[in-house]
Number of protein chains: 2
Amino acid sequence: MDEEYKALTSTLHAFYTFDRWSYQQVYKPKSIKYKSLSTEEQEILDFYPQLLSDLEQCLGINDSFTKQLALVAAEDWGVPTSPDEWAKGTQQEYDKVRSTLLQLSREWSSDGVAEREATYGRIVEAVEKRLKNGRVLVPGCGLGRLVYEFVRKGYWTQGNEVSYHMLLASGYVLNRMPMAHSHTVFPYIFKSSHVSRRLLQVRPVTVPDESPMGIFEGREDAGELMSMAAGSFVDLYGPRGLAVSDAYTEDAAASEFRGENAGAFDVVATCFFLDTAHNVLDYIKTIHHCLREGGIWVNLGPLLWHYEGDSNTIEVKRDGETVNSIMEGLELTRDELVAVIEKLGFEFEERESGIKTTYSSDPKALGNFVYDTEFWVAKKVSGKDDKKPSDQALG
Amino acid sequence: MDEEYKALTSTLHAFYTFDRWSYQQVYKPKSIKYKSLSTEEQEILDFYPQLLSDLEQCLGINDSFTKQLALVAAEDWGVPTSPDEWAKGTQQEYDKVRSTLLQLSREWSSDGVAEREATYGRIVEAVEKRLKNGRVLVPGCGLGRLVYEFVRKGYWTQGNEVSYHMLLASGYVLNRMPMAHSHTVFPYIFKSSHVSRRLLQVRPVTVPDESPMGIFEGREDAGELMSMAAGSFVDLYGPRGLAVSDAYTEDAAASEFRGENAGAFDVVATCFFLDTAHNVLDYIKTIHHCLREGGIWVNLGPLLWHYEGDSNTIEVKRDGETVNSIMEGLELTRDELVAVIEKLGFEFEERESGIKTTYSSDPKALGNFVYDTEFWVAKKVSGKDDKKPSDQALG
């Protein structure tokens, strides 16, 4: 079985059979625990049978949604729509479906308004202040809401995403939801801590809060304004000479795409993205490479380095030789990052620290991780990498 | 090897050899990563050699502290002081040493002032408003700061703690630190995310911010006011008839201690403790049981149910029979918990939700989990358990 086919269909499978995993995660432990209690304890917890029944209903409605998504996405991606022909989903992939539902709430429901205003709102505003139109790239675009917000303002916008979970779900939202509030999901049933009232845990979220297809109405060019590129950011947009690893390949199609994208964007907008790198230098160089001279990089996000604690070893090219490296280990501080960005050919036009926001959180939970995020607008100037001969022939 | 001896000495061993683990966690990945970078990348990250050298120094100072703690604690606990005679520490135990250093910062350094004021401050104030003296129990007392705060105000106070990591470290702080700021630790070097300046990650914390031994000076009774009981809360203070599991035993010494503690306290103060239960009914019944009629329970904490996600099965007694249960599954909401507390024989005198605080966090980090904690003062009235014949012969 081809690797790409396997990765795609095992994701489809995880969506399709998500109810089984959900049942194990949510319903079963509560059921076992309740049954093991004494008669006296069960009397005290007289609300438990109702809770179990409510959870069962929520799981059923989630199941309709994730199953439908899997079948529609299979059709859209041109693979068999029979689940029997798909690879099996792993535990990790189920957990990603769970977080995809939370991401749906963040990006496409009214519950996510506060998070979106603090993040997307500030990014779009910063771009509007500087450019009335132009080409925008959104790496790590998740479920596409920030792409949509730019397109709505008339910018030619390309989203880039590497996760199949996000790609399948964003395709479903962007292309297959002509009506607002057409779908119901229960994204909060997976967490029983930090809940004030049970009703909040089993409350529905309807998506989308507005239909992305609305922007195409009455605008003939709108369809041309939006595009999505599936794949690794550094692989699709990076310069030559990055440390070649699984994230950056010698693949011919990617190489051609890279060539077309050299200096091709007026804006790169990164939101909760930069710290997903295991080598952030690669990200910064890639952003620099695909921006035109004078183009701007708008960033908002935390420094939650995703690979911190990941001690898996990888092979990378170092000055032409293959050497062993490790996923973690390059977790820069804010001040170091800022210095490195300047060294790599950017000038900060604006910079602010400590913008508080949550991410994919239940806004009604009694506890959440609060990020003091960094915001900046940086302009591309001549970078160190431009001076090296090997980069003269970019792309 | 006796189980208790093994548990105690493997904890000692984890403290004693913590430097090895720390080196693997903190220094090594950064070193591997840096060495794998290209010459150009190393030039850009010109601060990395200094960082590695700083981390090495911090690890060395932490090592002096944890080694000394282990040797002194071995002496205090009456076990051989030669590490060769100890059981080996596990990965999990090393991680607990790491969090013990953070806990030290929370409870016994000036970095923890804000967290302590929001939590211990409010608890002590609520007790002082109601009782000028009396017997206070602090279950899950960690490193003993709340116990100390009560003793300082003249209350006879007993701390209870089950974790050897906490017991060893609290003994060291309470009995072996005659001077303020006598020890230096680096609790923040283990986390490289959410750091604004590198200097903050490698900054020292001095402990204790004040010497607990100061309260004994000029007060002859002070030594009698403070006591510590090592063991499970429900095992040491609970009524008969709890679902017997590993946390509640038929042990003779525990049974005698339970008898002495029935109705023995004027105050039970729980801080970030209640949600450590896998059966919170047991905790509530135990609090009720060891309070005198009219005694008060003061609580401040979140609903971060510690066993959520722990699907390990356990055996419990259910109406006299042994049945299979599970650690997770009984994660109550705030409103459910409040209703259950009333059913089990408490009247709320005061109740407030949404008191924001962090826990064992670096106050200078660019991101922290923020809890909307619950606070209450509840008075013991006749409870359901008092009516059952089996509980007439409590203890």
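Predicted model, so just to flag it, every value in this text is computed and none were measured. (Residues numbered from 1 in each chain as written. Chains lettered and ligands numbered in written order. Predicted model: local features only at pLDDT ≥ 70, side-chain atom pairs only at ≥ 80, totals over all residues. Heavy atoms only, no water.)

Which residues make up the overall build of chain A, and what are the values?
Across its full length, chain A holds 14 helices and eleven strands. By the compact-globule yardstick of 21 Å for 395 residues, chain A fits well, its C-alpha radius of gyration being 22 Å. The principal-axis extents of the C-alpha atoms in chain A amount to approximately 80 × 50 × 45 Å. Of the roughly 15,800 Å² of accessible surface on chain A, 48% is carried by carbon and sulfur atoms. Between the mean site of the 42 positive side-chain charges and the mean site of the 61 negative ones, chain A shows a separation of 3 Å. (Helix = DSSP H or I, 4+ residues; strand = E, 2+ residues; numbered from the N terminus. Rg over C-alpha atoms; globule rule 2.2 N^0.38 Å. Areas by Shrake-Rupley, 256 points an atom, 1.4 Å probe, with all protein chains shown as cover. Lys, Arg positive; Asp, Glu negative; His and termini not counted. Charge placed at Lys NZ, Arg CZ, Asp CG, Glu CD.)

So what's going on with the packing of aromatic side chains? Residues and values would help.
A complete count under the given rule lists 50 aromatic pairs over all chains for this structure. A ring pair is formed by A:Trp156 and A:Phe265, whose centres lie 6.3 Å apart and whose planes are at 45°; its orientation type is tilted. You can see A:Trp156 sitting in strand β2 (residues 156–161) and its partner A:Phe265 sitting in strand β6 (residues 265–271), a full 109 residues away along the chain. For A:Trp156, a relative accessible area of 23% gives the class partly exposed. Counting every residue linked through ring pairs, the aromatic cluster contains A:Trp156, A:Phe233, A:Tyr237, A:Phe257, A:Phe265, A:Phe273 and A:Tyr283. Of note, A:Arg122 hangs over the ring of A:Phe375, and the distance from its end group to the ring centre comes to 5.6 Å. Residue placement shows B:Lys67 over the ring face of B:Tyr16; its charged tip is 4.8 Å from the ring centre. (Phe/Tyr/Trp six-rings, centres within 6.5 Å; stacked < 30°, edge-to-face > 60°. Buried < 20%, exposed > 50% of the residue type's maximum accessible area, 1.4 Å probe, protein only. Lys NZ or Arg CZ within 6 Å of the ring centre and 35° of its normal.)

Can you lay out the environment of A:Val185 for me, pointing to particular residues and giving the numbers?
Residue and element names in this part refer to chain A. By the secondary structure assignment, Val185 is in strand β3 (residues 183–185). For the pair Val185 and Val280, spaced 95 residues apart in sequence, the C-alpha separation works out to 35 Å. When near neighbours in sequence (up to four residues on either side) are disregarded, Val185 contacts Asn62, Phe65, Leu101, Arg203, Pro204 and Val205. (Contact = heavy atoms within 4.5 Å.)

Tell me about the pattern of salt bridges, and name the residues and values.
Overall, the coordinates contain 56 salt bridges over all chains when judged by the stated rule. Linking A:Arg176 and A:Asp76 is a salt bridge whose minimum nitrogen-to-oxygen distance equals 2.6 Å. Taken together, the positions of A:Arg176 in helix α8 (residues 164–176) and A:Asp76 in helix α4 (residues 48–76) put the pair 100 residues apart, joining distant regions of the chain. Between B:Glu350 and B:Arg130 there is a salt bridge, and its shortest N-O distance comes to 3.0 Å. Of this pair, B:Glu350 sits in strand β10 (residues 346–357) while B:Arg130 is found in helix α6 (residues 113–130), placing the two residues 220 residues apart along the sequence. Note on B:Glu350: relative accessible area 28%, which makes it partly exposed. (Salt bridge = Lys/Arg side-chain N within 4 Å of Asp/Glu carboxyl O.)

Requested: an account of the interface of chain A and chain B, with residues and values cited.
Contact residues are listed per partner, giving 67 residues for chain A and 67 residues for chain B. Approximately 5,800 Å² of surface area, both sides summed, lies buried where chain A meets chain B, with 51% of it carried by carbon and sulfur atoms. If you sort the residues of chain A by the area they bury against chain B, A:Lys33, A:Ile44 and A:Leu366 come out on top, with a joint share of 11%. There are eight salt bridges connecting chain A and chain B. Applying the counting rule to chain A against chain B returns 44 residue pairs in polar contact (both at pLDDT 80 or more). Top element by residues in the side of chain A that touches chain B is strand β11 (residues 367–380) of chain A. It accounts for seven residues. Here the side of chain A that touches chain B is composed, by residue class, of 26 nonpolar, 16 polar and 25 charged. Here β11(A) runs beside strand β11 (residues 367–380) of chain B; their pairing, made up of five bridges, is antiparallel. When the bridges of β11(B) are listed, A:Phe369 appears paired with B:Phe369. (Buried area = accessible area lost by both parts, 1.4 Å probe. Polar contact = N/O pair within 3.5 Å; in protein donor to acceptor, adjacent residues only side chain to side chain. Nonpolar A, V, L, I, M, F, W, Y, C, P; charged D, E, K, R; others polar. Pairing = 2+ DSSP bridges.)

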